Amino acid sequence: MPEVEEIRTIPHWVDNKPFVGAGGTTSPVTNPASGVITGHVALANVEESRQVINAAAAAFPAWRDASLAKRTTILFKFRELLNERKLELAEIITSEHGKVVSDALGEVSRGQEVVEFACGIAHLLKGGTTENASTNVDVHSVRQPLGPVAIISPFNFPAMVPMWFFPIAIAAGNTVVLKPSEKNPSAAIWVAELWAEAGLPAGVFNVLQGDKTAVDELLTNPAVKAVSFVGSTPIAEYVYATGTAHGKRVQALGGAKNHAIVLPDADLDLAADAMVNAGFGSAGERCMAISVIVAVGNIADELVQKIKERTLTLKTGDGTRDSDMGPLVTKAHRDKVASYVDAGERDGVTIVVDGRTVQPDGEANGFWLGPTLIDNVTTDMSVYTDEIFGPVLSVLRVDSYEEALDLINAGPFGNGTAIFTNDGGAARRFQNEVEVGMIGINVPIPVPTAYYSFGGWKSSLFGDTHAHGIEGVHFFTRGKVVTSRWLDPSHGGINLGFPQNN
Ligand code: NAD
């Protein structure tokens, strides 16, 4: 792999300062559009991981007791700085992920929504009060922070996915250790610097760079009270099992295979636009990407033709140029995705648009794979059964709505889905019958806004609580109910019976 002359080390972030340990190893970080190594990220060993966790634990008592006014002042400041400077963050994302800058900016904006939601934490944490639940006895409820919490994030949204969690965690009074993907670790350091500039006290937001060693320490160290994980399903299952076995609260969001059903009465132009946007945006490296189109009835030929025409207009290239779609994140991932297209070809799919032969607007050593459209896919093919996580749209043809619904409900995942139709009754029936957590009706990527909660069903999420929205507030706090009576000369004396309301 070509290497630039000056290689920087991408550090951890502890106590509002960068920190490079002496004991851990490093891993190369590449620019996917050129294949050039742009840095080496520190990979923490156990001792370094403990150092970061200890900093978060030490900062917790003071942060937990900081007033809501102080916490929200810092959150508002962070929001203002982020809003002013988000292009810097977007450019960092593009340089290590590959997605085009406009898409990276979109990711930051969706993360910013959660910061804005968390700015209202004073209202969100309000409990209830009941006066005279029993004679002279009052009851009130509060929600309190948990302690140091870990966020373990995937490569595909280096800013947005951590922002699903840390604004709410911090606002609620927790301290945070963020473990980003080792494929694109720099966004987390930029965010950490921004928090420091916004006035967040040392130790409240920390970054632990690393791999399985760091993750295992976060999952087993007793100081860590909760873990929010996002990544592939096998690792999500492992994280959930290990974290909960060590007494932690865990929400582990896993993989996806999202289907879009197109009914015969749908507006096919709208549906074709949506399929292209949702299938090829961010090179298909989105957990809410549409990867399977289920064409119902006799519209399949016309729909495929419309998607083909649109796909052929897309420009694949360097995300800093005028491209629609960037490269894949690493060479290994690019080769894996291409191997699924090879397998589909061997299994007899019709290759309508072949991204393997793309002529990109970018360096020869970039990790290129163009948008790929394949038709006549069947459910026994690996291109259908596996999460591919690349720019490959498969078309399955079925005869009825029921057949389409059964396909989705038979699958292992339940993250997102969409239906395209002009029939309100059909859409309403679909939203009721489909076993999926997030549903779009004539909307291809139905990512809920920050004040709702994000999460899938089945193997797309392990744990009970979805991300952000009120569920996020509940995840990062625990409830207490206080029953109180103030001294009253008319108290009733000793009574060993079970408390009853009277
Ligand atoms: P990944 O599972 O490889 O990595 C996720 C995190 O786990 C990273 O921080 C990584 O360092 C860590 N990790 C990797 N291997 C590990 C191991 N053996 N033990 C402990 N930790 C380990 O996922 P990825 O490739 O970075 O991201 C893509 C995946 O994430 C896709 O499956 C995608 O569907 C999923 N994803 C899901 C959602 C969702 O909301 N459900 C959102 C984004 C991405």
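These figures come from a predicted structure and were not determined experimentally. (Residues numbered from 1 in each chain as written. Predicted model: local features only at pLDDT ≥ 70, side-chain atom pairs only at ≥ 80, totals over all residues. Heavy atoms only, no water.)

Bringing the sheet that holds strand β23 (residues 477-485) into the picture now. In spatial order, the strands read β6-β7-β23; together these three strands make up an open sheet with antiparallel pairing. Each end of this open sheet is capped by a strand with a single partner; those strands are β6 (129-134) and β23. Strand-to-strand twist in this sheet, taken as the mean axis angle between neighbours without regard to direction, amounts to 30°. (Pairing = 2+ DSSP bridges. Helix = DSSP H or I, 4+ residues; strand = E, 2+ residues; numbered from the N terminus. Axes fitted to C-alpha atoms, helices over the stretch in contact; angles between N-to-C directions.)

Further remarks concern the domain arrangement of the protein chain. Segmentation of the protein chain into domains returns domain 1 (9-254 + 460-482) and domain 2 (258-441). For domain 1 and domain 2, the distance between their C-alpha centres works out to 31 Å. Opposite the 21 residues of domain 1 that make contact, domain 2 presents 24 residues. R286 is the salt-bridge partner of D103, the closest N and O atoms lying 2.9 Å from each other. Applying the counting criterion to the domain 1 and domain 2 interface returns seven residue pairs in polar contact (both at pLDDT 80 or more). (Domains from an automatic or database assignment. Contact = heavy atoms within 4.5 Å. Salt bridge = Lys/Arg side-chain N within 4 Å of Asp/Glu carboxyl O. Polar contact = N/O pair within 3.5 Å; in protein donor to acceptor, adjacent residues only side chain to side chain.)

This next bit is on the sheet that holds strand β17 (residues 392-398). Spatially, seven strands are ordered β15-β16-β17-β14-β13-β19-β20 in an open sheet, and the strand pairing comes out mixed. The two strands at the open ends of the sheet, each matched to only one other strand, are β15 (350-353) and β20 (438-441). If you compare each strand with its neighbour and ignore which way they point, the axes differ by 20° on average. Across five bridges, the pairing between strand β14 (residues 290-296) and β17 is parallel. Looking across to β17, one finds that I293 is bridged to V395. The strands touched by helix α14 (residues 424-433) are β13 (258-262), β19 (416-420) and β20; relative to β19, the strand with the most contacts, the crossing angle is about 165°.

Let's shift gears to the pattern of salt bridges. For the structure on display, the rule yields 27 salt bridges. Here E433 and R429 are joined by a salt bridge, their closest N and O atoms 3.1 Å apart. A residue pair is termed a helical-turn pair when its members lie 3 or 4 positions apart in one helix, as E433 and R429 do in helix α14 at four residues. Each of D269, D273, K306 and R310 takes part in salt bridges that share partners, so that together they form one network.

On to the site of the ligand, then. Taken together, 26 residues are adjacent to the ligand, and K179, E182, S232, G254 and E387 come closest. Here an oxygen atom of the ligand sits 2.5 Å away from a polar atom, N or O, in the side chain of E387. Secondary-structure elements contributing two or more residues to the shell around the ligand are α7 (212-220) and β11 (226-230). Counted by class, the shell around the ligand contains 14 nonpolar, eight polar and four charged residues. There are two domains that each give the shell around the ligand at least three residues, and those are domain 1 (9-254 + 460-482) and domain 2 (258-441). (Near = heavy atom within 4 Å. Nonpolar A, V, L, I, M, F, W, Y, C, P; charged D, E, K, R; others polar.)

The next point concerns the packing of aromatic side chains. Tallying each qualifying case throughout the model produces ten aromatic pairs. Ring centres of F78 and W195 lie 3.8 Å apart, and the angle between their planes is 10°; on these two criteria the pair is classed as stacked. With F78 in helix α2 (residues 68-97) and W195 in helix α6 (residues 186-198), the pair connects residues that are 117 residues apart, well separated along the chain. Ring centres of F166 and W195 lie 6.0 Å apart, and the angle between their planes is 70°; this geometry places the pair in the edge-to-face category. Placement of the pair is F166 in helix α5 (residues 160-171) and W195 in helix α6, with a sequence separation of 29 residues. Neither residue differs from the other here; F166 and W195 are each classed as buried. Taken together through their ring pairs, the aromatic side chains of F78, F166, W195 and F205 make up a single cluster. (Phe/Tyr/Trp six-rings, centres within 6.5 Å; stacked < 30°, edge-to-face > 60°. Buried < 20%, exposed > 50% of the residue type's maximum accessible area, 1.4 Å probe, protein only.)

Negative phi is the rule for most residues except glycine; trans is the rule for most peptide bonds. Of note in the backbone geometry, N136 takes a positive phi value of approximately 65° without being a glycine. Along the chain, the position of N136 falls in the loop between β6 and β7 (137-145). Of note, F389 is a non-glycine position whose phi angle comes to about 60°, a positive value. Its location among the elements puts F389 in the loop between α12 (382-385) and β17. With relative accessibility at 16%, the residue F389 sits in the buried group.

A few words on the pairing of strand β8 (residues 148-152). Counting buried residues along β8, five of its five residues qualify, which places the element largely inside the surrounding structure. Neither face of β8 is left uncovered, since the one carrying P148, A150 and I152 and the one carrying V149 and I151 both have all their residues buried. As for the winding sense of the linkage, the β-α-β connection from β8 through α5 to strand β9 (residues 175-179) is right-handed. Pairing of β8 with β11 involves four bridges; the strand directions are parallel. Bridge assignment links V149 to a residue of β11, and that residue is A226. (Right-handed = clockwise from strand over helix to strand, strands pointing away.)

A few words now on the packing of helix α1 (residues 46-65) against α7. When two helices pack together, you describe them by how their axes are tilted relative to each other and by the distance separating the axes. As a packed pair, α1 and α7 sit with axes 9 Å apart at the nearest point and diverge in direction by 50°. Relative to α7, the element α1 is oriented oblique. Along this stretch, α1 crosses α7, giving a crossing that reads as right-handed. Between α1 and α7, the residues in contact are V46, S49, R50 and I53 and T213, A214, E217 and L218, respectively. (Parallel < 35°, antiparallel > 145°, perpendicular 65-115°, else oblique. Left-handed = near helix turned anticlockwise from the far one by under 90°.)

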